[in-house]
Amino acid sequence: MAGADGRTSFGTSGRSAAVSRETAAEAEARRRDEEALSADDTVDLGEVRREAGVDDVLDALDRELVGLAPVKERLRELAALLVVDRVRERFGITTDRPTLHMCFTGNPGTGKTTVAQRIGELLTGLGFLRRGHVVTATRDDLVGEYVGHTAPKTKEIVGKARGGVLFVDEAYYLHRPGNERDYGGEAIEILLQAMEDHRDDLVVVLAGYADRMATFFEANPGMQSRVAHHVDFPDFSADELVTIAEGMVADQGLRFSSEAHSALHEYLELRREQPWFAGARSVRNALDRARMRQARRLGEGGDTKVGLADLTTLEAPDLRASRVFAGGHRAE
Amino acid sequence: MRITQGTFSFLPDLTDDEIRLQIDYALAHEWPLSIEFTDDPHPRNTYWEMWGLPMFDLQDPAALLDEVRACRDEHPEHYVRVIAYDASLGRQTVALSFLVNRPSNEPGFRLERQEGKDRQIAYTTHAYATDRPSGQRYGRHGSHDGARSNGDGRG
C-alpha cells in the first residue's frame with residue numbers, strides 16, 4: 001500500500017514550472033509511508049534499538065560519566081519510550097510526536113552539557129533529530145541590547161540549532177523581574193514560539209540551578225508546560241570525584257602515587273564543603289594546579305635528573321600544598 | 001522571456017526539496033548562505049537587496065529554507081536568489097548562486113540602438129519591467145512599494 005499513492009512521484013514534480021513546497025509534515029508522512037508495517041507484522045525491538053544505536057549511546061554514557069544514576073535512569077526510560085513510539089508509528093498508530101524539551105537542574109560541574117550532547121546523539125539515532133549537534137547559548141547570545149535587536153539575535157541562534165539541541169545555559173537570567181526595559185522577556189517569547197513551531201526538529205534544553213529554575217518557571221508558566229522532562233543532576237560524592245580525577249589524569253598520561261591517591265581523597269572531601277565548588281570542573285582545576293606544582297618540584301628541587309616515572313607521577317606533596325588544606329578558598 | 005541567471009537556471013525551477021539538498025551541499029562545504037531579492041532583471045544588476053543578514057554557522061538547511069519561504073511570501077513577484085559564499089583563503093567569492101523564485105510573468109528586454117557620431121551605433125538592453133517604478137514592476141498588484149521589509153526582525 002505504501003509508496004504507490006503518488007507520494008513517491010513527489011521528487012519529479014519539479015518538472016512543472018510552479019515552485020512546489022514540501023512542509024516538514026509532508027516529509028514526515030513520506031518517511032512514515034516507506035517504513036509502514038501492516039497489522040500482523042512483528043518487529044524485533046532489540047533490532048530497532050541496535051539500528052538506532054540506542055544501546056551504544058547509553059553504554060557510552062555509562063562508561064564516560066561517573067555516578068549520575070538518576071540521570072542515566074531517566075535517559076534509559078526516555079530511550080525506551082521513543083523506540084516504542086517509533087515502532088508504534090510504523091504500525092500506523094499516529095501518536096503525537098512527544099515533547100522532548102528538557103530542563104536540567106543541578107549545580108555547576110555535574111555533567112549537564114555532556115549529557116545534552118549524548119541526548120543529541122540519541123535522538124539523532126532514533127530519527128527525532130536530523131543532526132543532533134548541540135548549540136550552547138547564554139543570555140548574551142539571545143538577548144539584544146536595544147529595541148529590535150533581540151528578535152533577530154534569538155532567531156539566529158534558533159536557526160543554528162535547527163536539527164539539533166539548543167542548550168540554554170542559566171536560562172533564568174533571561175527573565176529579569178522588576179526591570180521593564182529588559183529584553184529578556186522578548187527572547188523568552190521567541191524561544192517559546194520556536195519550541196512550538198519547530199517541535200519536530202529542535203530540542204531545547206534549559207539548564208541551571210534547581211531553585212532559580214523553579215522561580216523562573218513560576219514567572220513563565222508557558223515555559224513550564226512546554227518542558228516535558230525535568231532531570232535533576234545530583235552532586236558527585238567524594239569517591240565519584242576521585243574516579244573522575246583518575247580518568248582525567250589517565251587521559252593526560254599521568255598517574256597518582258598511592259599517597260597522592262589518599263591525599264586526593266582528603267582534598268576532595270574538604271573541597272566539597274568549601275564555597276565555589278564546581279564539581280568535575282573544580283577537580284580539573286585542582287589537577288592543573290597539582291601538575292604545576294609537580295613541574296616546579298621536578299625542576300627546582302635538589303636533584304634535577306628525572307625519568308619517565310618521575311614525569312608521569314603526581315605525588316602527595318603536589319596536592320597537599322593546596323590552600324584547601326589550610327582552610328581554603330575563604331582566604332581569596 | 002525566462003531569465004537565466006546563476007546556477008541551474010537552464011533547468012526547471014527547483015522544488016523546495018531540491019533547494020534543501022542544494023543548501024545541504026553548501027553547508028557541507030561550510031559556505032555561509034544568504035538570501036537576496038530584486039525586481040530589476042538586468043544582467044548587470046549585481047547588487048540585489050539583502051533578505052536579513054547572511055546566516056553563519058548553520059548546521060541544518062531548515063532555518064534557511066524557512067527564510068526562503070518568508071522572502072517568497074513577502075515578495076512573490078520578485079526574483080529571489082540564494083547565495084553561498086566560500087570564505088576560504090584563495091577563493092573568497094560566491095561559490096554558488098541560484099534563483100529560488102521568479103515573477104509569474106517575465107516580459108523580457110528590448111534592444112536599443114543609439115546612433116552616435118560618424119554613424120557609430122551603441123547598443124543597450126532595456127528591461128521592459130523597469131519602465132515601471134520599483135515595487136510595481138511585476139504582477140497585477142505589484143509588491144508593497146515604499147515600506148518594503150528586508151527580513152529583519154520579522155516574527
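Since this is a predicted model, take the numbers as computed values, not measurements.

## Structural notes on the overall build of chain B
So, point 1. Secondary structure assignment for chain B yields 2 helices and 6 strands.
So, point 2. When the elements of chain B are put in sequence order from the N terminus, they spell out α-β-β-α-β-β-β-β.
So, point 3. Counting every position in chain B, which comprises 155 residues, the buried fraction comes to 30%.
So, point 4. Looking at chain B alone, contacts between residues at least 24 apart form 55% of all its contacts between residues at least 6 apart.

## Details of the sheet that holds strand β1 (residues 33-38) of chain B
All names here are of chain B.
So, point 1. Pairing is antiparallel in the open sheet, where 4 strands are placed in the order β2-β1-β3-β4. Each edge of the sheet is formed by a strand with only one pairing partner; in this case those strands are β2 (49-55) and β4 (93-101). On average, each strand axis in the sheet is inclined to that of its neighbour by 20 degrees, with strand direction left out of account.
So, point 2. Here β1 runs beside β2; their pairing, made up of 4 bridges, is antiparallel. From the neighbouring strand, Leu-33 faces β2, where its bridge partner is Met-55.
So, point 3. Where helix α1 (residues 16-28) meets the sheet, its contacts fall on β1, β3 (79-86) and β4, and the angle it forms with β4 comes to roughly 170 degrees.

## Examining the sheet that holds strand β1 (residues 102-106) of chain A
All names here are of chain A.
So, point 1. Read across the open sheet, the 5 strands follow the order β2-β3-β4-β1-β5; overall the sheet is parallel. Only two strands of the sheet have a single partner each, and these edge strands are β2 (134-137) and β5 (229-233). On average, adjacent strands in this sheet sit at an angle of 20 degrees to one another, irrespective of strand direction.
So, point 2. Judged from the 4 bridges that link them, β2 and strand β3 (residues 164-169) form a sheet pairing that is parallel.

## Focus: the pairing of β1 of chain A
All names here are of chain A.
So, point 1. With 4 of its 5 residues buried, β1 lies for the most part within the structure.
So, point 2. Sheet topology places β1 next to strand β4 (residues 202-208); 4 bridges connect them, and they run parallel. Bridge assignment links Met-102 to a residue of β4, and that residue is Val-205.
So, point 3. Where β1 lies against β5, 5 bridges are found, and the strand directions are parallel. Its bridge partner lying in β5, Cys-103 is registered against His-230.

## Re the packing of helix α2 (residues 45-52) of chain A against helix α4 (residues 69-90) of chain A
Residue and element names in this part refer to chain A.
So, point 1. Remark: α2 packs on α4, axes separated minimally by 10 Å, with the N-to-C direction vectors making an angle of 110 degrees. By the angle between their directions, the pair α2 and α4 is classed as roughly perpendicular. Contacts between α2 and α4 pair Leu-45, Val-48, Arg-49 and Ala-52 from the former with Val-83, Arg-86 and Val-87 from the latter.
So, point 2. Residues belonging to the contact of α2 with α4 are distributed by class as follows: 5 nonpolar, no polar and 2 charged.

## Details of the environment of Trp-31 of chain B
Residues and elements named next belong to chain B.
So, point 1. The topology assignment puts Trp-31 in the loop between α1 and β1.
So, point 2. Trp-31 gets classed as buried once you count the C-beta atoms within 10 Å, which come to 20.
So, point 3. Here Trp-31 is in contact with Ala-26, Ala-84, Tyr-85, Asp-86, Ala-95 and Leu-96, once residues within four sequence places are set aside.

## Some words on the pairing of β3 of chain A
Residue and element names in this part refer to chain A.
So, point 1. Taken across its 6 residues, β3 has 5 buried, putting it largely inside the fold.
So, point 2. Here β3 runs beside β4; their pairing, made up of 6 bridges, is parallel. Bridging from a neighbouring strand, Val-165 pairs with Val-203 of β4.

## A short note on helix α11 (residues 238-251) of chain A
Residues and elements named next belong to chain A.
So, point 1. Relative to the 20 Å expected for 14 residues at 1.5 Å per residue, α11 spans 20 Å between its end C-alpha atoms, a close match to the ideal helical length.
So, point 2. For α11, the full list of buried residues reads Leu-241, Val-242, Ile-244, Ala-245 and Val-249. Down the axis of α11, the sector holding all buried residues measures 160 degrees, keeping them to one side. Among the exposed residues of α11, those pointing more than 90 degrees away from its buried face are Ala-250 and Asp-251.
So, point 3. In this structure, the buried side of α11 is in contact with β6 (255-256), α12 (258-273), α13 (279-300) and β7 (313-314).
So, point 4. Note on α11: the residue one or two positions beyond its end, Gly-253, has a positive phi of about 75 degrees.

## Some words on the environment of Val-147 of chain A
So, point 1. Within the element layout of this structure, Val-147 of chain A appears in the loop between α6 (139-142) and α7 (150-161).
So, point 2. In this structure Val-147 of chain A comes out as exposed when scored by C-beta crowding, with 11 C-beta atoms within 10 Å.

## Description of the domain arrangement of chain A
All names here are of chain A.
So, point 1. According to the domain assignment, chain A consists of domain 1 (98-233) and domain 2 (238-331).
So, point 2. Centre-to-centre, using C-alpha coordinates, domain 1 lies 36 Å away from domain 2.
So, point 3. The interface is formed by 5 residues belonging to domain 1 together with 5 residues belonging to domain 2.
So, point 4. Looking at the side of domain 1 that touches domain 2 residue by residue, the classes come out as 1 nonpolar, 4 polar and no charged.

## Considering the confidence of the model for chain B
So, point 1. Taken over all residues, the pLDDT of chain B has a mean of 88, while the share at 70 or more is 90%.
So, point 2. Predicted complex, confidence summary: ipTM 0.71, pTM 0.76.

## Focus on the nonpolar core
In summary, soluble globular proteins display a tendency toward joint burial of nonpolar side chains.
So, point 1. Counting residues in hydrophobic clusters, the biggest one holds 56 residues, and the most contacted among them are Val-165, Leu-166, Phe-167, Val-168, Val-204 and Val-205 of chain A.
So, point 2. Non-local contacts of Val-165 of chain A, meaning those with residues more than four positions away in its chain, are made with Ala-116, Ile-119, Gly-120, Gly-132, Val-134, Val-203 and Val-205 of chain A.
So, point 3. Of all hydrophobic cores here, the second largest spans 23 residues; its members include Trp-31, Trp-51, Ala-62 and Val-68 of chain B.

## Here we look at the packing of helix α3 (residues 54-64) of chain A against α4 of chain A
Residue and element names in this part refer to chain A.
So, point 1. Here α3 crosses α4 at 180 degrees, and the two axes come no closer than 11 Å. When the axis of α3 is compared with that of α4, the two are roughly antiparallel. Touching Val-54, Leu-58, Leu-61 and Asp-62 of α3 are Lys-72, Leu-75, Arg-76, Ala-79 and Val-83, all from α4.
So, point 2. Considered class by class, the residues forming the contact of α3 with α4 number 6 nonpolar, no polar and 3 charged.

## Quick word on the environment of Arg-49 of chain A
Residues and elements named next belong to chain A.
So, point 1. Within the secondary structure, Arg-49 is located in helix α2.
So, point 2. Judged by C-beta crowding, with 19 C-beta atoms within 10 Å, Arg-49 ranks as partly exposed.
So, point 3. Taking the C-alpha atoms as reference, Arg-49 lies 42 Å from Ser-258; in sequence the two are 209 residues apart.
So, point 4. Not counting chain neighbours up to four residues away, the residues in contact with Arg-49 comprise Val-54, Asp-55 and Val-83.

What counts and how
- Residues numbered from 1 in each chain as written.
- Chains lettered and ligands numbered in written order.
- Predicted model: local features only at pLDDT ≥ 70, side-chain atom pairs only at ≥ 80, totals over all residues.
- Helix = DSSP H or I, 4+ residues; strand = E, 2+ residues; numbered from the N terminus.
- Buried ≥ 20, exposed ≤ 12 C-beta atoms within 10 Å, placed from the backbone.
- Contact = placed C-beta atoms within 7 Å.
- Pairing = 2+ DSSP bridges.
- Axes fitted to C-alpha atoms, helices over the stretch in contact; angles between N-to-C directions.
- Parallel < 35°, antiparallel > 145°, perpendicular 65-115°, else oblique.
- Nonpolar A, V, L, I, M, F, W, Y, C, P; charged D, E, K, R; others polar.
- Expected span 1.5 Å × (residues − 1).
- Arc of directions from axis to C-beta.
- Domains from an automatic or database assignment.
- pLDDT = per-residue confidence, 0-100.
- Core = buried A, V, L, I, M, F, W, Y, C linked by C-beta atoms within 7 Å.

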